[in-house]
Amino acid sequence: MLLTITTTHDQATDLGFLLHKHPDRVQRFEQSFGTAHVFYPDADEGRCTAALLLDVDPVKLVRTRGRGTPDFSLGQYVNDRPYAASSLLASAMANVFRTAMRGRCEARPELPGTPVPLEVVLPALPCRGGPAQAERFFAPLGWTVSAVPVPLDPGFADWGDSRYVTLTLTGTMRLSDALNQLYVLLPVLDDAKHYWLAPDEVDKLIRAGEGWLAAHPDRGAITRRYLANRRGLVRAALGRLADADGAPEDALDPVEVEEEPASDSTEEPMDGPASEAANEQAGEADASEPAAVPLAERRVQAVLAALREEDARRVIDLGCGSGKLLARLVRDGFFTGIAGTDVSHRALALAWRRLRFDPRAPRREGARVVDIFQGALTYADERFRGYDAAVLMEVVEHVDPPRLGAVARVVFGDAAPRVVVVTTPNAEHNVRYDGLAPGAMRHPDHRFEWTRAEFRAWAEGVAAEHGYRVRYVPVGDEDPEVGAPTQMGVFTR
Amino acid sequence: MTTEIRVPEMGLVVLVGVSGSGKSHFARKHFAPTQVISSDFCRGIVSDDENDQSATGDAFDLLHYIVAKRLRRGLLTVVDATNVQSHARQSLLRIAKEHDVLSVAIVLDVPERVAAERNATRPDRDFGAHVIPRQRRELRRGLRSLGREFRRAYVLTGTEEIDAATVVREKAWNDRRELTGPFDIVGDVHGCRAELEDLLRDLGYEIDRDAAGRAVGATHPGGRTAVFVGDLVDRGPDSPGVLRLVMGMVAAGDALCVSGNHEAKLVRALRGRKVRTTHGLAESLEQLGAEDEGFRAAALAFMDGLISHYVLDGGRLVVAHAGLKEDYHGRASGRVRSFALYGDTTGETDEYGLPVRYPWARDYRGKAMVVYGHTPVPAPEWINNTICLDTGAVFGGRLTALRYPERELASVPARKVWYEPVRPLASPGAAAGGAGGHRELDVLKIEDVLANGGVETRLMGRVTVREENALAALEVMSRFAADPRWLVYLPPTMAPAATSALPGHLEHPAEALAAYRDRGAVTRVVCEQKHMGSRAVVTVCRDAAVAAARFGVEDGTTGAVVTRTGRPFFRDPATTAELLDRVRAAIGAAGLWDELDTGWLVLDCELLPWSAKAMDLVRTQYAATGAAARAALPMAAGALGRAAERGLDLGGLRERVERRASNAARFRDAYARYCRPVDGLSGIQLAPFQVLAGEGRAWATARDHDWHMEVAARLADCDPGGLLRRTEWTTADLASPESEAAVTAWWERLTADGGEGMVVKPLGPLPDDARVQPGVKCRGREYLRIIYGPDYTEPEHLDRLRGRSLGRKRSLAMREHALGVEALDRLAAGEPLWRVHQAVFAVLALESEPVDPRL
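All figures in this text were calculated on a predicted structure; none of them were measured in a lab.

**Student:** Would you explain the overall build of chain B in this entry?
**Tutor:** Scanning chain B from N- to C-terminus turns up 29 helices and 33 strands. On C-alpha atoms alone, chain B measures out to a radius of gyration of 36 Å, which is more than a quarter above the 29 Å that the 2.2 N^0.38 rule sets for 855 residues. Across its three principal axes, chain B shows a C-alpha extent of roughly 115 × 80 × 55 Å. Taken over 855 residues, chain B has a buried fraction of 49%.

So this is what it looks like as structure tokens:
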């Protein structure tokens, strides 16, 4: 809610010209979400401070959001927006200091191009990644950074620090650069934006980032965060940055585990890039090996191979997520009937898009993609029936153990296809992942991870109860001590 | 000559006759207008012209569709079309067969001259003269096969016979809905005459004996009727004795009996057909061989006349030997009989060579109770309102009866193992209806919760659930919720009282009390302290045996503690178990198991502190907001102070920021009050405030709230460890201003130091007025800062907030309340899991409706 900019330039009150705001006036600017006030707490020749005080009206703020916004929850009524330096403050800056940000000053045309000693203070900057992140983003731009964490609640010392820091930046800088950097980096550090992303966000980023973002060592992360992980937008922005930089597009698209959305989709952060990275490291030990195939890919290949081996041409993916396996099944002419189900509507929306499947269109007789629908494995469902095989790829570990019996009855007892393929992590292998704390699981939603013996015990029980035979296939490089990273059971009857 | 035409009450009647034979007239005379579907009518519907022959194809599509719909719903349906062509009749017969109903043909055969004259009087029927003779030729050709095609075919020749004919409705043989019992339904006897006599005696029957001392009948002085599920014979020591007794009872009206597969086979054997004398048939034949010819003939006639299932007690009870799926209740066809006698076999056999049966009971969703035998089970078990009573008496198990409508079981032990079972009786592989013969657990079906047209409730009729809300609930339910067997109730939401007009207040007791006083239907209300914690529904069984028997949970857990969205309250099952132990001990010490005559209870509670469940929310939302405010506001105030010293006119901004700093401090105090460290159960308190249900009784609606609060207080008093906590409460007389003043003072005391407030509910049963809320909450001024934000008390905010709209929230609260009560009713009545789950699921689905979360 508060930003102060101080200069100790001789003729410090020139700041008023630079900002186009007279030091002796108190000005207010109405915003859609409140009122921005500009005033000067200090204004003498040796030191001049401009303050932007944003008085956020929480009721107005709520009204600027559609009902379809992600969190139609209490969080939008009681939150830090009235106090924190967030994208709202960035918006207000862009509005109030528009001319200054463009580096123009008609009265004193020479001023904007001149670096001046500046001190910028943000008392409550939400800073994902802590003080180190602020340092990492601002220091390369030439600032001296002081980021002091704000405690969460002094009455509860054990709660530790909040995600806010009191940020003080000092440096000699053109004012327009300073403002543009703040404009981009405030929401990036906050990692949350208050409005929906439109395609012109890319333009805004390119404009504000002119002259500094392309050379920033963390431009990939900054871009990704600024565009809130919207892949399409990210790619467009990275491409245009690459042009500006004269670099290949890929060079700007580093794999950054930290940037993977943890809960945004059914993708698995640990089991995805992280474990793949771990896998690759394992592969690097043997330098003669070609670059390792990612585990997720090897898993898909193992499942496809098992299905072929069992001559299962009509396949339903139970827990299809965003449809990665479905897409592979569709690409392979061997499979004649393909269906998928998932309980997450969000994941399904991705699957529908990936497979260009219209869930509202009437189902066509004889279509290869039979159906992609929302369903839950704890409920018997006729739509699960009629396939040669069902695949549960990395699904069972997301089921609470007391519900596993119900899932087994629905899949093996009720749907009862000829073949069931189940893959799940091998918990024994977790010790090979450097990034994984001892005893931790690969994904926050995993309810358990089985050792090979535990998986076999479960599989044998299910097979015996429902009249299946089961064989086991390790997936990924087999470690002599702890086995392969993924275990697969192929059930047949 | 008068022909009496007998038509089934449920079935298909096909009128056959040339154009002008008087079919429509006949149909009008003998059947209700809605029962008759004519091709002319359908032609008119699809073409606006009853004689447009080009519309015939579409007209018959429509006719077949209507016929199918009516037959599916079990309605008598008469088809008024010429039907002289065999293929026209065949397509109708196919529909009848698909719906397992009887079909009757009535041929109206008039001379060509009569038909032609009639058509001539109707100018719209100007088809050529060749048409009627052609139709008549087709009719003649078909007459020979009619008897084979239809269950019965009547040919009425000439107008006199047609005019004289009468039509009578015939009840189906299996339709004994007029018999209301009470019944004693007896499982498979298999020649165990002595055990049968033991059982009948235990049930209170007086056995009649002939001169030779043989049991030839049994009467219950209380007027009860025995119903035998079939398989009276084979394997056991005295099949003739069993037949003699049951035949006597049936003849005297003391019993009903359906056919078992063993009777069917025995009939074929006695008729001299070639059958394999396995599965105990040889014993029956040998025993019957020792009887006289008269008895053998009588037994054959009796067994041959047994029908395969009965629908009893107004349709609420169905008895069939091997059970019967809902579609087949009251129907008559070969496959219905086959299902009733043999079950729905998959065609596969198990490791003992016995047929694998399709688990129809698991999928059963019908309203009627289905009682059957056929497959021996170690103990009778309810599966979706069905129960198998074959407890293997002949294999040394027990002979079991179900008392209806009491739903009580009675049984006697076998006197010995009369026949060695092919597969061991007590093994898990011997149980009812399971795929592969395994013990069958309740399996929920997707249509139990999705696209089912809503949930029928006692309080509000049908409560509909929108598809998108159901889908949202599906995700939460299947990913996060507790085991449905433990998830027997979800608490409904509650609307706040109408918005207060008092300065500085958004909610106040005046409106909460007025809400009830103004409706007039309520005179006394209960006011309960609202603890700021998290809602917890506690289901607790007396012991693991009750959990297994009543909830079908056999992993040793004895209950559950779930949140308001159905999640397990504690991540660690050991914490749950410990809490249940404490609650169980308190219930025992308070003597509630006996007093409420139950082995389990469901309690509605608040679990404190708030931070125990909401720590993440406190940190990321409330404490974070407080921290940001604490960092930013003083610095802003400082900057404004310096600007003021410079003489700038800040127009009240400085004072405003200072006031906001003080609001932020109060906000911090508001949430901090509900936070304290907990470790496992230490630091946790549970405040019960309602006994929701126990065996046979939904206490939530059966007792007034003062009773509930007193029971809650007793529980707290019986818990020496201090886990259980009392809830303050009082009652108010709505007619008394003093009473209102007292409640207001009480509320002010509760909320002065930040207490959440109170809940006001009608003390007694909810009046039958859809506008009376089951309860309203009235929250404290400081507490509401957590809900509406630190600055909500500022006049400019408060004025806007007063415009809040409560309509949706109130509607939601009513619907969820009706669903909650429905779930409890169903649970207490011992209804199947899917019935309880359906209501619980609907509450969760409604919770995903977009309603202002601050209300």
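Okay, back to it.
**Student:** When you look at the confidence of the model for chain A in this model, what are you seeing that I'm missing?
**Tutor:** When pLDDT is low, close inspection of the predicted coordinates is not appropriate. Per-chain confidence: chain A averages 82 in pLDDT, with 82% of residues scoring 70 or above. Taken as a whole, residues 66–73 of chain A scores under 50 in pLDDT and shows five contacts with residues more than four places along the chain or in a different chain.

**Student:** Got a minute to help me understand the environment of Ala298(B) in this structure?
**Tutor:** All names here are of chain B. With respect to the helices and strands, Ala298 occurs in helix α12 (residues 293–304). Residue class for Ala298 comes out partly exposed when judged on the 16 C-beta atoms lying within 10 Å of it. In the structure, Ala298 is positioned 51 residues away from Met247 in sequence and 8.9 Å away in space, judged by C-alpha atoms.

**Student:** Teacher, can you tell me more about the sheet that holds strand β28 (residues 559–562) of chain B here?
**Tutor:** Where strands meet in a sheet, backbone hydrogen bonds hold them as pairs that are either parallel or antiparallel. Residue and element names in this part refer to chain B. Read from one edge to the other, the open sheet built from four strands follows the order β28-β27-β29-β30, with strand pairing classed as antiparallel. In this open sheet, the two edge strands, each paired with only one partner strand, are β28 and β30 (685–694). Neighbour-to-neighbour, the strand axes of this sheet turn through a mean angle of 20°, independent of strand direction. In terms of strand pairing, strand β27 (residues 534–541) meets strand β29 (residues 600–608) through eight bridges, oriented antiparallel. Paired with Arg535 across the bridge in β29 is Glu606.

**Student:** Would you take a moment to explain the packing of helix α11 (residues 295–309) of chain A against helix α12 (residues 324–331) of chain A for this structure?
**Tutor:** Residue and element names in this part refer to chain A. Viewed as axis vectors pointing N to C, α11 and α12 meet at an angle of 50°, and their least axial separation amounts to 11 Å. Classified by the angle between their axes, α11 and α12 sit oblique to one another. The way α11 lies across α12 gives a crossing that is right-handed. Every residue of α12 that contacts α11 at Val300, Val303 and Leu304 is listed here: Lys324, Leu325 and Arg328. Grouping the amino acids of the contact of α11 with α12 by side-chain chemistry returns four nonpolar, no polar and two charged.

**Student:** Sorry if this is basic, but what is going on with unusual backbone geometry here?
**Tutor:** Glycine aside, the phi torsion of most residues is negative, and most peptide linkages are trans. Omega for the bond connecting Tyr404(B) with Pro405(B) falls within 30 degrees of zero, at 10°, which places this linkage in the cis form. Along the chain, Pro405(B) falls in the loop between β21 (398–404) and β22 (408–413). Looking along the chain, the bond that leaves Leu608(B) and enters Pro609(B) is cis, with omega of -5°. Structurally, the position occupied by Pro609(B) is in the loop between β29 and α21 (610–645). Notably, His20(A) is not glycine yet its phi reads approximately 60°, a positive angle. If you trace the backbone, His20(A) turns up in the loop between α1 (14–19) and β2 (27–31).

**Student:** Can you help me understand the domain arrangement of chain A in this one?
**Tutor:** By a widely used convention, the size of an interface equals the accessible area lost when the partners come together. Domain boundaries assigned for chain A yield domain 1 (2–196) and domain 2 (280–492). Taking only C-alpha atoms into account, the centre of domain 1 of chain A sits 48 Å from that of domain 2 of chain A.

**Student:** Would you explain the interface of chain A and chain B in this entry?
**Tutor:** Taken together, the contact between chain A and chain B spans 58 residues of the former and 49 residues of the latter. With six residues, the single largest contributor to the side of chain A that touches chain B is strand β3 (residues 34–43) of chain A. A per-class count over the side of chain A that touches chain B returns 32 nonpolar, 16 polar and 10 charged.

**Student:** Any chance you could explain the environment of Ile316(A) here in plain terms?
**Tutor:** Residues and elements named next belong to chain A. Relative to the helices and strands, Ile316 resides in strand β8 (residues 314–318). What makes Ile316 buried here is the crowd of 29 C-beta atoms within 10 Å. Put simply, Ile316 and Gly337 are 21 residues apart on the chain and 8.2 Å apart in space, counted from C-alpha to C-alpha.

**Student:** How do you make sense of the pairing of strand β5 (residues 102–109) of chain B when you look at a structure like this?
**Tutor:** Where a strand is regular, its side chains alternate between the two sheet faces. All names here are of chain B. Of all the eight residues making up β5, eight are buried; the element is thus mostly covered by neighbouring parts of the structure. Going residue by residue along β5, you find Leu102, Val104, Ile106 and Leu108 tucked away on one face and Ser103, Ala105, Val107 and Asp109 tucked away on the opposite face as well. As paired strands, strand β2 (residues 11–16) and β5 are joined by six bridges and run parallel to one another. Each residue of the ladder has a partner; that of Val13, found in β5, is Val104. Summarising the sheet, β5 and strand β6 (residues 152–157) pair through six bridges and their orientation is parallel.

Rules behind the numbers
Residues numbered from 1 in each chain as written. Chains lettered and ligands numbered in written order. Predicted model: local features only at pLDDT ≥ 70, side-chain atom pairs only at ≥ 80, totals over all residues. Helix = DSSP H or I, 4+ residues; strand = E, 2+ residues; numbered from the N terminus. Rg over C-alpha atoms; globule rule 2.2 N^0.38 Å. Buried ≥ 20, exposed ≤ 12 C-beta atoms within 10 Å, placed from the backbone. pLDDT = per-residue confidence, 0-100. Contact = placed C-beta atoms within 7 Å. Pairing = 2+ DSSP bridges. Axes fitted to C-alpha atoms, helices over the stretch in contact; angles between N-to-C directions. Parallel < 35°, antiparallel > 145°, perpendicular 65-115°, else oblique. Left-handed = near helix turned anticlockwise from the far one by under 90°. Nonpolar A, V, L, I, M, F, W, Y, C, P; charged D, E, K, R; others polar. Domains from an automatic or database assignment.

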